[in-house]
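# Structure assessment
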Amino acid sequence: MVDFVNAVDAFIDDYFNVNIPDVSITDIIEIIIITYFMYHLLVWVKNSRVWMLIRGVLIIMLFFVIAAIFQMNTILWLGERLISVAVTVLIVVFQPELRRALEQIGRRKITSMFSWNLLKTGAKKFDDSTITGMVTACYEMGAVKTGALIVVENDMQLTEFERTGISLDALVTRQLLINIFEKNTPLHDGAVIVRGDRVVSATCYLPLSDNMALSKDLGTRHRAAVGISEVSDSLTIIVSEETGTVSYAREGRIVRDVKEDELIAELKRIQSSESEEAAGMGATEKEG
């Protein structure tokens, strides 16, 4: 076997002038370990706010490249001074995410560290029955003016906000959602987070939007829905306690007083993995 490998190596070296380096078992193990950690690092970046930071850094880097091309010396001088403190600033800003990532590594079992949880391409994020349950529950609650706030997770995981609530891990049904948001029940205050076909957490706290362009008649529930849509790719459904109307927020915008078929269509856009290419929010806020 060794002679055959040497013969192939000599043939490639003679005819193609390419020298194949010697690869040992240690080299293969190193490649596997580096690949493993790089994969989980990319997954962590994708599922946290770090991805938004990286996008911002890339835009700033592009700006400095343009400055270098056109010899904008003052901007380049400022950039050199900022780089010296940028690493420290990033560590301070993202200290909670870094600590949480290390805690997750410490809690994981050794055997589970070598299981590759690859995403299924083309698979639906949730079943049609989940859409039916959420839509039906929203309009039934709207009919009796029961307020509700349902965050439907998309590609970006909402673990940070999930931890602010009470863990449920229950199958999404019309009855469950209505019971959660029933007035004077322990779980009615706050938002629920839906991941796939399950309600993973209830009574979650969401960030409020400070967008001054939002209508002044929008309450805390609607501003929270817009706030979570500004920091994630989720779709949030709001049932107004005052008017009973159903709205949804996505990509920092809110569409108010939508009909059942409109809400179903919006949920179906994020149901499939390819949905983001076809998704399109309304260009302007629809006043109800």
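Data block above holds the structure.
Here we summarise the structure given alongside this text. Remember, it's a predicted structure, so these values are computed and weren't measured experimentally. (Residues numbered from 1 in each chain as written. Predicted model: local features only at pLDDT ≥ 70, side-chain atom pairs only at ≥ 80, totals over all residues. Heavy atoms only, no water.)

## Structural notes on the overall build of the chain
Put simply, the rule is: Every helix listed is a DSSP run of H or I at least four residues long, and every strand listed is a run of E at least two residues long, numbered separately from the N terminus. Accessible area is worked out with a 1.4 Å probe on protein chains only. A residue is then buried under 20% of its type maximum, exposed over 50%, and partly exposed in between. All accessible areas in this document rest on Shrake-Rupley with a 1.4 Å probe, and a residue is counted as covered only by the protein chains that are shown.
A tally of regular secondary structure across the chain gives eleven helices and seven strands. Within the chain, the fraction of its 288 residues that count as buried is 31%. Just so you have it, the chain exposes about 18,100 Å², and 63% of that area is on carbon and sulfur atoms.

## Side note on the side chain of Glu 266
Keep this limit in mind: Here a polar contact means two N or O atoms within 3.5 Å. Within protein one must be a hydrogen donor candidate and the other an acceptor candidate, and residues neighboring in sequence count only if both atoms are side-chain atoms.
Here Glu 266 lies in helix α10 (residues 260-269). At 3.2 Å, the side chain of Glu 266 forms a polar contact with the side chain of Arg 250.

## Digging into a nonpolar patch on the surface
As a reminder of what qualifies: The patches reported here contain residues having more than 30% relative accessible area and no salt bridge. Joining distances are 9 Å for like charges and 5 Å for nonpolar side chains (Val, Leu, Ile, Met, Phe, Trp, Tyr). Within this document, salt bridges are pairs made up of a side-chain nitrogen of Lys or Arg and a carboxyl oxygen of Asp or Glu, the two lying within 4 Å of each other.
Where nonpolar side chains cluster on the molecular surface, the patch consists of Val 23, Ile 25, Ile 28, Ile 29, Ile 32, Ile 33 and Phe 37 and spans about 690 Å² of accessible area. When you line up the elements, Ile 28 lands in helix α2 (residues 25-46).

## Remarks on the side chain of Glu 162
Our working rule: Contacts are residue-level and defined by heavy atoms, with any inter-residue pair within 4.5 Å sufficient.
On the secondary structure map, Glu 162 appears in helix α7 (residues 159-162). Taking the relative accessible area as the measure of exposure, Glu 162 reaches 19% and is therefore buried. Beyond its immediate chain neighbours, meaning those up to four positions away, Glu 162 contacts Ile 193, Arg 195, Val 200, Ser 201 and Cys 204.

## Here we look at the packing of aromatic side chains
This is how the line gets drawn: Pairing of aromatic side chains here covers Phe, Tyr and the six-membered ring of Trp, requires ring centres within 6.5 Å, and sorts the geometry by plane angle: under 30 degrees stacked, over 60 edge-to-face, intermediate tilted.
Under the definition given, this model contains two aromatic pairs. Centre to centre, the rings of Tyr 36 and Phe 37 are 5.2 Å apart; their planes meet at 80°, and the pair counts as edge-to-face. Centre to centre, the rings of Phe 63 and Phe 64 are 6.0 Å apart; their planes meet at 70°, and the pair counts as edge-to-face. Taking relative accessible area as the criterion, Phe 63 reaches 45% and is therefore assigned partly exposed.

## A look at helix α6 (residues 128-143)
Cut-off, in case you're wondering: Every helix has an expected span of 1.5 Å times one less than the residues it contains.
When the terminal C-alpha atoms of α6 are compared, their 23 Å separation across 16 residues agrees well with the 22 Å that a helix rising 1.5 Å per residue should span. Considered for burial, the residues of α6 that qualify are Thr 130, Ile 131, Gly 133, Met 134, Val 135, Ala 137, Cys 138, Met 141 and Gly 142. Buried positions along α6 lie against β1 (148-152), α8 (174-181), β3 (191-195), β5 (235-239), β6 (246-250) and α10. Phi turns positive, to about 55°, at Lys 145, one or two residues after α6.

## Structural notes on the sheet that holds β1
Just so we agree on the cut-off: Strand pairing is defined by DSSP finding a minimum of two bridges between the two strands. Between the N-to-C directions of two axes lies an angle of 0 to 180 degrees, each axis being a line fitted to C-alpha atoms and, for a helix, fitted only over the stretch in contact.
Pairing in this open sheet of seven strands is mixed, and the strands run β2-β4-β3-β1-β5-β6-β7 from one edge to the other. Strands with a single pairing partner mark the edges of an open sheet, and in this sheet they are β2 (166-171) and β7 (253-255). Between one strand axis and the next, the sheet turns by 25° as a mean value, whatever way the strands run. Here β2 pairs with strand β4 (residues 198-204) via four bridges, running antiparallel. Along β4, the bridge assignment pairs Leu 171 with Arg 198. Packed onto the sheet, α8 meets β1, β2, β3 and β4 and runs at close to 130° relative to β1.

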